[in-house]
Amino acid sequence: MSLARFDYYAPESIEDACRLLMEQGGGAVVMAGGTDVLLKMHRGLLKANTVIDLQKIKGMNRISFEEGKGLTIGAMARLADVELHPIIKYRYPAVADAAKATANVQIRNMGTVAGNLCNAAPSADNAPVLIAMGAEVTLAGVKGQRQLPLDEFFKGPGLTAIGEGEIFTSIHVPIAPEGSGASYKHISPRGKVDISAVGVGVMLTMNGDICEEAKIALGAVAPIPMRAIKAEKIIKGRRISSDLLEKAGIEASHECKPITDVRATAEYRKKMVAVLTIRAIDEASSRASGK
Amino acid sequence: MKHLITITVNGDPYSIAVDPWRTLNEVLREDLGLTGTKLGCGEGDCGACTVLVDGRSVSSCLTLAVAVDGKDIMTIEGLAFSGEELHPIQEAFIEKGAIQCGFCTSGMELSALNLLTKNPSPDEEEIRTAISGNLCRCTGYYNIVDAIGAAAEKMKQTNDNN
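Quick caveat: nothing in here was measured; it's all calculated off a predicted structure.

*Asks:* I keep staring at the sheet that holds strand β13 (residues 210–219) of chain A and nothing clicks. Help me out?
*Replies:* Note: strands within a sheet are paired through backbone hydrogen bonds, in either parallel or antiparallel orientation. All names here are of chain A. The strand order across the open sheet formed by four strands is β11-β12-β13-β14, and the pairing between neighbours is antiparallel. In this open sheet, the two strands that pair with only one neighbour each are β11 (180–187) and β14 (226–227). Relative to β13, strand β12 (residues 198–207) is paired through nine bridges, and the arrangement is antiparallel. The residue bridging Leu-204 from the neighbouring strand is Ala-214, located in β13. Set on the sheet, helix α5 (residues 93–100) makes contact with β11 and β12; between it and β11 the angle comes to about 15°.

*Asks:* Whenever I open this one, the confidence of the model for chain B confuses me. Can you help?
*Replies:* Regions with low pLDDT carry predicted coordinates that are not meant to be interpreted in detail. On average, residues of chain B score 95 in pLDDT, and 99% of them are at 70 or above. Complex prediction metrics read pTM 0.95 and ipTM 0.95.

*Asks:* Looking at this model, I keep getting lost on the packing of helix α3 (residues 105–118) of chain B against helix α5 (residues 142–161) of chain B. Mind explaining?
*Replies:* All names here are of chain B. Taken N-terminus to C-terminus, the directions of α3 and α5 make an angle of 45°; their axes are 11 Å apart at the nearest point. Relative to α5, α3 is oriented oblique. Crossing geometry of α3 relative to α5 is assigned as right-handed. Where α3 approaches α5, its residues Met-108, Ala-112 and Leu-116 are matched on the opposing element by Ile-144, Ile-148, Ala-151, Ala-152 and Met-155. Class assignment of the residues belonging to the contact of α3 with α5 gives a composition of eight nonpolar, no polar and no charged.

*Asks:* Looking at this model, I keep getting lost on the sheet that holds strand β5 (residues 72–74) of chain B. Mind explaining?
*Replies:* Residues and elements named next belong to chain B. The sheet built from five strands is open, its strands ordered β2-β1-β5-β3-β4 with mixed pairing. Among the strands making up the open sheet, the edge pair consists of β2 (12–18) and β4 (56–59). With strand direction ignored, the average angle separating the axes of adjacent strands in the sheet is 40°. Of the strands in this sheet, β3 (50–53) and β4 are in contact with α3, which crosses β3 at around 35°.

*Asks:* Quick question: what am I supposed to make of the nonpolar core here?
*Replies:* One broad trend across soluble globular proteins is that nonpolar side chains are buried collectively. Counting residues in each nonpolar core, the largest one holds 146 residues, and the members touching the most others are A:Val95, A:Leu130, A:Ile171, A:Val202 and A:Val273. Here this core takes nine residues from helix α11 (residues 266–288) of chain A, the largest share from any one element.

*Asks:* I would appreciate a short explanation of the interface of chain B and chain A in the present structure.
*Replies:* Counting residues at the interface gives 27 residues for chain B and 22 residues for chain A. Broken down by element, the residue count for the side of chain B that touches chain A peaks at four residues, all from β4(B). In terms of residue class, the side of chain B that touches chain A is built from 11 nonpolar, 14 polar and two charged.

*Asks:* Would you mind showing me how to read the domain arrangement of chain A here?
*Replies:* One widely used convention gives an interface's size as the accessible area the parts lose upon coming together. Residues and elements named next belong to chain A. Here chain A is described as being made up of domain 1 (7–53), domain 2 (63–174) and domain 3 (181–288). On the side of domain 3, 24 residues touch domain 2, which itself brings 21 residues to the contact. Elements supplying a minimum of two residues to the side of domain 2 that touches domain 3: α5, α8 (127–132) and β8 (154–156). Per-element tally for the side of domain 2 that touches domain 3: the top contributor is α8, with five residues. Among the residues making up the side of domain 2 that touches domain 3, the classes are represented as 15 nonpolar, three polar and three charged.

*Asks:* Can you walk me through the domain arrangement of chain B in this structure?
*Replies:* Residues and elements named next belong to chain B. Taken as a whole, chain B is organised into domain 1 (3–78) and domain 2 (88–161). Using C-alpha coordinates to define each centre, domain 1 is positioned 22 Å away from domain 2. Taken together, the contacts link 14 residues of domain 1 with 12 residues of domain 2. Every element with two or more residues in the side of domain 1 that touches domain 2 is listed here: β3 and β4. With three residues, β3 is the largest single contributor of residues to the side of domain 1 that touches domain 2. In terms of residue class, the side of domain 1 that touches domain 2 is made up of six nonpolar, six polar and two charged.

Reading the values: the criteria
Residues numbered from 1 in each chain as written. Chains lettered and ligands numbered in written order. Predicted model: local features only at pLDDT ≥ 70, side-chain atom pairs only at ≥ 80, totals over all residues. Pairing = 2+ DSSP bridges. Helix = DSSP H or I, 4+ residues; strand = E, 2+ residues; numbered from the N terminus. Contact = placed C-beta atoms within 7 Å. Axes fitted to C-alpha atoms, helices over the stretch in contact; angles between N-to-C directions. pLDDT = per-residue confidence, 0-100. Parallel < 35°, antiparallel > 145°, perpendicular 65-115°, else oblique. Left-handed = near helix turned anticlockwise from the far one by under 90°. Nonpolar A, V, L, I, M, F, W, Y, C, P; charged D, E, K, R; others polar. Core = buried A, V, L, I, M, F, W, Y, C linked by C-beta atoms within 7 Å. Buried ≥ 20, exposed ≤ 12 C-beta atoms within 10 Å, placed from the backbone. Domains from an automatic or database assignment.

This is the structure:
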């Protein structure tokens, strides 16, 4: 491997990073763990005159949880840190599951949740469950920062709402409502290390065995991670039963718009969306009732 | 512009001027002559280039040397401290026949160390997950999984004796 030449900066504050990004213009790329950025540069898919590394910015790798407010994951928090974080495992197990489902051990020791989202692959493992849980991203620019629902962050394969001179600084997951549970289920040809062919994230809020609120997000079956709104409507306000799960799975399978690629055919993806939606709803409802 | 970095590699401190586009793999192999770290796919899939940075296994092919300034690196050359007596992981790999062509071995052993320092008694599933980022085209993995299990036992005994 050898990379084309570039300049490297590791600014120590978000302000400096944004200023650098503005100064350097279109030839600059922001790097967190580097596992996507350097890979794309290696393959010649990304040309950069300047790499701006976020690792020296204080607090960027912080994972914090505050009762009443929720979970905030800094842009430099590694996937392995999220996967193994005791509070995330306890309060947001599906978020930990999604981090664990991403790539292999080495990549999780390097890569970040933020980077997985910013890379905006339709198959990004961390996107579906974070969308289902109503996560919000924080973007900082020279003029200040703004928040955006993750649901509105993805614009196309490799495209996001990050504006010129803006840096993704953190992702926030609200406190899960009383009686709620979430799940992430995915499938890939080799099971552990390869990119997901389908991923399904679900969050349900239950009242007894009635589903009061449901959010279902599908990965790798459309140009961006997509909500399965029709499938959500099928289970909302109803008693969860195996018949209802079946119906929701079929609806999600109708809603998605997969393509055929090296990882799976469109037909197989549609079938797996149904299967994984059923499994994810099932696990989310068990977690909601504390089973 | 070259950047001056200070790193510790296998306990030895180094100050090196590096071009920012050079990977840790290139600097270890070409500047420091530590060719025990291999380069396979160059894309973070095969694990042949695995090293530990501050105790965590990473792909040195996807790590910029300039980005590990100030950090502690361990390569396969640092696994056997004295250079004469083998580490229990290395002994177990030999005893269990877990090495054939050897190209994956340094990465495998460092992934094993990454696992065993955090989880001294892994089950088979945990071992397989821990080496899921290391590809071996010779062994079919069975002997490697066996060896890591045996290494866990050896390391426990060593710890008990100390």
